[in-house]
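Below are the chains, spelled out letter by letter.
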Amino acid sequence: MISDALTALPWIAAVSWPMLVAMGLASSRARGVALALAPWAALPALVLAVAAPAPADLPWLLLGARFELDDIGRVFLMFTATLWLSAGVYARQYLDGAPAAHRFFAFFLVAMAGNVGLIAAGDAVLFYTCFALMSFASYGVIVHTGDREALHAGRVYITLVIVGELLIFAGLLSWAGFTGGTRLIGWTATAAQIPGPLVTGLLLVGFGIKAGAVPLHVWLPLAHPVAPTPASAVLSGAMIKAGLLGWIRFLPLGEAASPDLAFWCMAGGLGAAFGGAVAGVLQDNPKVTLAYSSISQMGLMTVAIGAGLAAPEAWPLLLPAVVLYATHHALAKGALFLGAGIAQHPGRSAGARRAMTAGLVLPALAIAGAPFTSGALAKLALKDALPPVGGALALLLSIAAIGSTLLMVRFVSLALASGVGSRSGARAGMWIPWALLTTAGAVLALGPRGIAGLPEMAPSLEPGVIWSLSWPVAAGLVLYWTARRLWPRARSEPRVPPGDVLWVATRPFATFRVPVAGARTSPALPGAVMEPLARAWSELTSLEKGLTRWYTTGLALLLLLVALTMVVGR
Amino acid sequence: MNWTYWLPLLVVLTSLVPGVIIFALPEGRVVTRTVLNLTGAVLKIALVWLMMREVYAERNPEFRMPLVQDVDLLLRADALALLFVSLSAFLWLLTTIYAIAYLERSPNRGRFFGFFSICVSATVGIGLAGNLLTFVFFYELLTLSTYPLVVHRGTEASLQAGRVYLRYTIAGGALLLTGAVWLQAAVGPVLFDGGDTLARADLDAAPLVAIFVLLVAGLGVKAALVPLHSWLPVAMVAPAPVSALLHAVAVVKAGAFGIVRVVYDVYGIRLTDAIGVAGPLAVLASITILYGSVQALRQTDLKKRLAYSTVSQVSYITLGVTILGASATIGGIVHLVHQGLMKITLFFCAGNIAETLQVHRIDELDGMGARMPWTMAAFTIAAFGMMGVPPMAGFVTKWYLGLGALEASQPWVIGVLVGSTLLNAAYFLPILHRAWFRRPVTPFPVRRGRLETHWALLMPPLVTAAAALFAGLFASAPPSPLEWARLIAERAYE
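Predicted model only: the values in this text are computed from it and were never measured. (Residues numbered from 1 in each chain as written. Chains lettered and ligands numbered in written order. Predicted model: local features only at pLDDT ≥ 70, side-chain atom pairs only at ≥ 80, totals over all residues. Heavy atoms only, no water.)

(A) Fine view of the overall build of chain B. Secondary structure assignment for chain B yields 20 helices and two strands. For 494 residues, the compact-globule estimate of 2.2 N^0.38 gives 23 Å, and the C-alpha radius of gyration of chain B, at 21 Å, lies within 12% of that figure. Taking the principal axes of its C-alpha atoms as reference, chain B extends roughly 70 × 55 × 45 Å. Classification of the 494 residues of chain B by burial places 66% in the buried group. Taking the intrachain contacts of chain B between residues at least 6 apart in sequence as the baseline, contacts between residues at least 24 apart amount to 80%. Total accessible area on chain B is roughly 16,400 Å²; 65% of this is exposed by carbon and sulfur atoms. The distance from the centre of the 34 positive side-chain charges to the centre of the 26 negative ones in chain B is 13 Å. (Helix = DSSP H or I, 4+ residues; strand = E, 2+ residues; numbered from the N terminus. Rg over C-alpha atoms; globule rule 2.2 N^0.38 Å. Buried < 20%, exposed > 50% of the residue type's maximum accessible area, 1.4 Å probe, protein only. Contact = heavy atoms within 4.5 Å. Areas by Shrake-Rupley, 256 points an atom, 1.4 Å probe, with all protein chains shown as cover. Lys, Arg positive; Asp, Glu negative; His and termini not counted. Charge placed at Lys NZ, Arg CZ, Asp CG, Glu CD.)

Laid out in structure tokens, this is it:
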């Protein structure tokens, strides 16, 4: 009994410590202490990732919970905890003196607990619980500023969260029903018991919302610019990876092929990779550009998942490549977001400005996949794993790298421009976590050796390889330069509204409100659509009124009695 | 004769006797009345605890008193009864504390608490009834003792609501009685014995179906099955503690509990399946779940929205018992408790808001989280529970209902659950958004004292919200409602 409690302790601590601190923030008396502790709340999770203790069963928790970290979970937890830790320290400085800092941190920490918990989860119910915790708590982080854009982004976000929760609930339930268990690790042997593509499809789409898969990505470009910068960093770096982890955990990857889903998965992934690049370049807010870059990068990982669904035999190679890609993207994207915040306050010292520019360019090169970066390793690993599925995909990856380069050039120039005219300088509390993430990315570029779950790789010095990595970057730079010549001034540039397809899809409904009693409606939809809607809605009122009238029910009961007597009388 | 023989009767008497004494007390004897109420409530919990241990050890206490030939007053504690009775006892104590504070300095409190106690005695009697006629007796007692509570304020609106309430419930009672008498005439005394009595009697299918319809129609009035639900949203003009108890455990739950009894203990699983009544009832329950939620979405008054939400949520229980499978049974039965904990929290909170700040409409809730943080925290937990978000109790219900639907090869039920969750989110999340993320349109009156409201109004919702959270978070820890429901399902399907 006592030894059981001891094995469970590190697991429980990693998840519940951030929640405890969040509770402390809610109480006005403990707030001071809790605010001082808040930036460091991810430390127990980091310890957990490094130590990876033995799995723990907690039969009293939920429907019988289990904590377990396999190699994949461990890598996910490592970059996730690093990111939350950096963002937390950064946020302490970023929000220093802001009146609602404690409220931001409360939601931030609960989302952190959920993110950590879902990675450490060894059973489906615990995973789903932590996933919900993270998703709902993030709402508070996104609408933090409370202005119109933030509330709009929040509404879009929470709607998609609900839709995602429903799809995942239906999917998980069926998954558990058919496989007859809720263990997350090692269940794929029973994958054949899941009939048809419906269950897998539900999970694919449900987690796809979190992963920013096209066309369910619309919340990302809206949420990222309005959320405080450290929150954007964890949203884009860590939380969207929860969707990816959901796929890895619950799809029958490496076991059963489902060609239909694989096709849609790869099509969506490629659409995201290219569409995200196009839409992202046509933005004028650096954080929106980064959001589209995340959509584009997640698109490449989606392609890999699709490849795994198409060819189970390729999965053993694909999996470490995807995990490496996720790690690289988390660190680089986190660094870019934190850097975007610092670029707004470059300070007056020339040295600081130079360091800042270097700090923006380095992770940007990694995202573009330039040689000798973590991105180069991730792209090479993915290319190596793809051939059994189709060589054309590898070429498409190179073309996607052109798009990534365009996005990154666009981002760096926007970010540098955002600091023009600002005289204040960012303080150490923001520089240090940023430097930490950038360094971590640089270390990863040396090659992940001896970390189970990641492929054994080292930076390649072969000219052929370097060329294959360099030409897309060079092409991107040339393209950007040409485009600048075409549209020399910001005003003449073409634009895409953030949220692209959402904007198109919801415009007709822009002024549509559910007509409640007393509320005024101003339909933007044509009368042919609106009138039946409004009529059906008021029909509901008269139906309910009719039911309330005594004689309706009385009559119904009487008829029932007569009918019964006749049945029995026969 | 063992001492446990008297246990079921004593549990009923612990509220009946205080109720009768309270009627005799003069209005001004506040302290005596309060002491009587609380002593009765605490004593009842202690007795229920004793009974629970007996039942767990499979020694079901049974009290029998012959009334006339062939008709016994039979009170028997089995696992299902205990689930319902322990919920009633627990929530009665909290609601009593709440009501004492809520009605402070209002007239006719003697009448109120007298009927309140009788109402709870009737509820407990329904829970412990061991045969159909005992059940019907307490069911009618409940109808009559609730009426004075609904019309307690004496306003035109509450009198009107009382009239609607009586018409519906008396008609429902008549149907139930018809069915019960018919059945008694056909097979003799109907014990709640898992359907053995009926299985031995070997009746034709036609009268069996007819009686089933009569019984369920009668019970369906209180369980608020569409189209028999209309009295419930009207009756929410009652004082908050009455609404809370009505929606969580007393009236609505009595109907749902009755349906559980009819399916499992009068007809039995096999016979219910054989005569083919489960399917149509499951469809009716599904319609109710969705219809209630759609109507809830249309309401602008907080209590009205909660009332329609009850219409929807209580039918989860009916749905669970009619899917016919062990997991679905667990999901349906455990929702007896889960819905009770969550809904009573919501009504307590609505009552607090109305009583402290005179706020009734949903669009007046902007910024309520800052003014009444504890109340809104409890409300938030319960609302997420209603949506079925883990780790709250509602999730456990939904999970088992869904698993049961798959086991019984009725995957359409998952569609109903998903639709209901969507609607629940659509009518609860805007409330939470207003309370926590908006600023009040006009500033709320400044608060007097250290707490946001009277402590006795604040404590009950906090306790029930914690219970709703723990019932889900620690669902597999032995004294949990889920474990008890598993026990019931095991004994029903063995």
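(B) The arrangement of unusual backbone geometry in detail. Put simply, Val214 of chain A and Pro215 of chain A share a cis peptide bond, and its omega is 5 degrees. Relative to the assigned elements, Pro215 of chain A resides in the loop between α8 (198–211) and α9 (219–226). Omega for the peptide link from Val226 of chain B to Pro227 of chain B comes to 5 degrees, which places this bond in the cis form. Tracing the backbone through its elements, the reader meets Pro227 of chain B in the loop between α8 (205–222) and α9 (231–234). For Asn108 of chain B, which is not glycine, the phi dihedral falls at a positive 60 degrees. In this structure, Asn108 of chain B sits in the loop between α3 (79–102) and α4 (109–128).

(C) Layout of the pairing of strand β2 (residues 71–76) of chain B. Residue and element names in this part refer to chain B. Counting buried positions over the six residues of β2 gives five, a clear majority of the element. Note: strand β1 (residues 62–68) against β2, six bridges, orientation antiparallel. Within the sheet, the bridge partner assigned to Arg64 lies in β2 and is Leu74. Hairpin connection between β1 and β2: a loop of two residues separates the two successive antiparallel strands, and Asp70 in this loop has a positive phi of roughly 70 degrees. (Pairing = 2+ DSSP bridges.)

(D) Geometry of helix α13 (residues 302–323) of chain B. Residues and elements named next belong to chain B. A rise of 1.5 Å per residue sets the reference length of α13, with its 22 residues, at 32 Å; its end C-alpha atoms lie 32 Å apart and thus fit the reference within 8%. When you tally the buried positions in α13, you get 21 out of 22 residues, the bulk of the element. Among the residues of α13, the N-terminal cap falls to Asp301, whose side-chain oxygen and the backbone nitrogen of Lys303 are separated by 3.0 Å. Once α13 finishes, Leu324 follows within two positions and takes phi at roughly 60 degrees, a positive value. (Expected span 1.5 Å × (residues − 1). Polar contact = N/O pair within 3.5 Å; in protein donor to acceptor, adjacent residues only side chain to side chain.)

(E) Broad picture of the packing of aromatic side chains. This structure, assessed with the given rule, holds 43 aromatic pairs over all chains. Pairing Trp84 of chain A with Phe108 of chain A gives two aromatic rings, centres 4.9 Å apart and planes at 70 degrees, and the pair type is edge-to-face. On the criterion of sequence distance, the pair formed by Trp84 of chain A in helix α4 (residues 71–94) and Phe108 of chain A in helix α5 (residues 101–120) is long-range, its members being 24 residues apart. Among the residues examined, Trp84 of chain A registers a relative accessible area of 0% and is labelled buried. On the accessibility criterion, Phe108 of chain A (1% relative accessible area) is buried. Put simply, the rings of Phe127, Phe131, Trp175, Trp187, Phe207 and Phe250 of chain A pair up and form one aromatic cluster. Note that Lys210 of chain A overlies the ring of Trp219 of chain A, its terminal NZ or CZ placed 5.8 Å from the centroid. Seen from the ring of Tyr139 of chain B, Lys222 of chain B lies directly overhead, with NZ or CZ sitting 3.6 Å from the centre. (Phe/Tyr/Trp six-rings, centres within 6.5 Å; stacked < 30°, edge-to-face > 60°. Lys NZ or Arg CZ within 6 Å of the ring centre and 35° of its normal.)

(F) Expanded view of the layout of surface pockets. All names here are of chain B. What the second largest pocket holds in volume is close to 910 Å³. In terms of lining residues, the second largest pocket is bounded by 27 residues, among which Met52, Ser86, Pro479, Ser480 and Pro481 are the most central. Mapped by element, the contributors of at least two residues to the lining of the second largest pocket are α2 (30–56), α3, α14 (326–357), α19 (455–473) and α20 (481–493). Considered class by class, the residues forming the lining of the second largest pocket number 21 nonpolar, two polar and four charged. (1 Å grid on protein atoms, 1.4 Å probe; cavity = no way out; pocket = protein on both sides within 12 Å on 5 of 7 lines; lining within 4 Å. Points joined across faces, edges and corners; volume = space filled by probe spheres on them. Nonpolar A, V, L, I, M, F, W, Y, C, P; charged D, E, K, R; others polar.)

(G) Highlighting the interface of chain A and chain B. The partner chain B presents 52 residues to the 46 residues of chain A that form the contact. Summing the contributions of chain A and of chain B, the shared interface buries around 4,300 Å²; its carbon and sulfur component is 79%. Area buried by chain A at its contact with chain B is led by Leu63, Phe169 and Leu173 of chain A, which between them contribute 15% of it. In this structure, the connection of chain A to chain B is made through five residue pairs in polar contact (both at pLDDT 80 or more). Every element with two or more residues in the side of chain A that touches chain B is listed here: α5, α6 (124–142), α7 (148–179), α20 (527–548) and α21 (550–569) of chain A. (Buried area = accessible area lost by both parts, 1.4 Å probe.)

(H) Examining the confidence of the model for chain A more closely. All names here are of chain A. Residue-level pLDDT values for chain A average 86, and 89% of them are 70 or greater. Mean pLDDT across the elements of chain A ranges from a minimum in α21, with 63, to a maximum in α6, with 96. In the model, residues 510–524 has pLDDT below 50 throughout and makes 14 contacts with residues more than four positions away in sequence or in other chains. (pLDDT = per-residue confidence, 0-100.)

(I) Looking closely at the pattern of salt bridges. Residues and elements named next belong to chain A. Under the counting rule described, the total for this entry stands at 14 salt bridges over all chains. One salt bridge connects Asp57 with Arg66, and the closest N-O pair in it is separated by 2.9 Å. You can call Asp57 partly exposed: its relative accessible area is 46%. As a salt-bridge pair, Arg92 and Asp96 come within 4.0 Å of each other at their nearest N and O atoms. Given a relative accessible area of 29%, Arg92 falls into the partly exposed group. (Salt bridge = Lys/Arg side-chain N within 4 Å of Asp/Glu carboxyl O.)

(J) Examining a nonpolar patch on the surface more closely. Residues and elements named next belong to chain A. A contiguous nonpolar patch, built from Trp17, Leu20, Met23, Val33 and Leu37 and spanning about 490 Å² of accessible area, is present on the exposed surface. Elements that contribute at least two residues to the nonpolar patch include exactly α1 (2–26) and α2 (31–37). No other element matches α1, which puts three residues into the nonpolar patch. If you trace the backbone, Leu37 turns up in helix α2. Leu37 gets classed as partly exposed once you look at its relative accessible area, which sits at 34%. (Patch = residues over 30% accessible without salt bridge, like charges linked within 9 Å, V, L, I, M, F, W, Y side chains within 5 Å.)

(K) Quick peek at helix α6 (residues 156–187) of chain B. Between its first and last C-alpha, α6 of chain B extends 46 Å over 32 residues, near the 46 Å set by a 1.5 Å rise per residue. Gly188 of chain B lies just past α6 of chain B and shows a positive phi near 85 degrees.

(L) A look at the packing of helix α1 (residues 7–24) of chain B against α2 of chain B. Residues and elements named next belong to chain B. At their nearest, the axes of α1 and α2 sit 9 Å apart, and the two run at 175 degrees to each other. In terms of axis orientation, α1 runs roughly antiparallel to α2. Along the contact surface, α1 presents Leu7, Pro8, Leu10, Val11, Val12, Thr14, Ser15, Pro18, Ile21 and Ile22, while α2 presents Arg33, Leu36, Asn37, Gly40, Leu43, Lys44, Leu47, Val48, Leu50 and Met51. (Axes fitted to C-alpha atoms, helices over the stretch in contact; angles between N-to-C directions. Parallel < 35°, antiparallel > 145°, perpendicular 65-115°, else oblique.)

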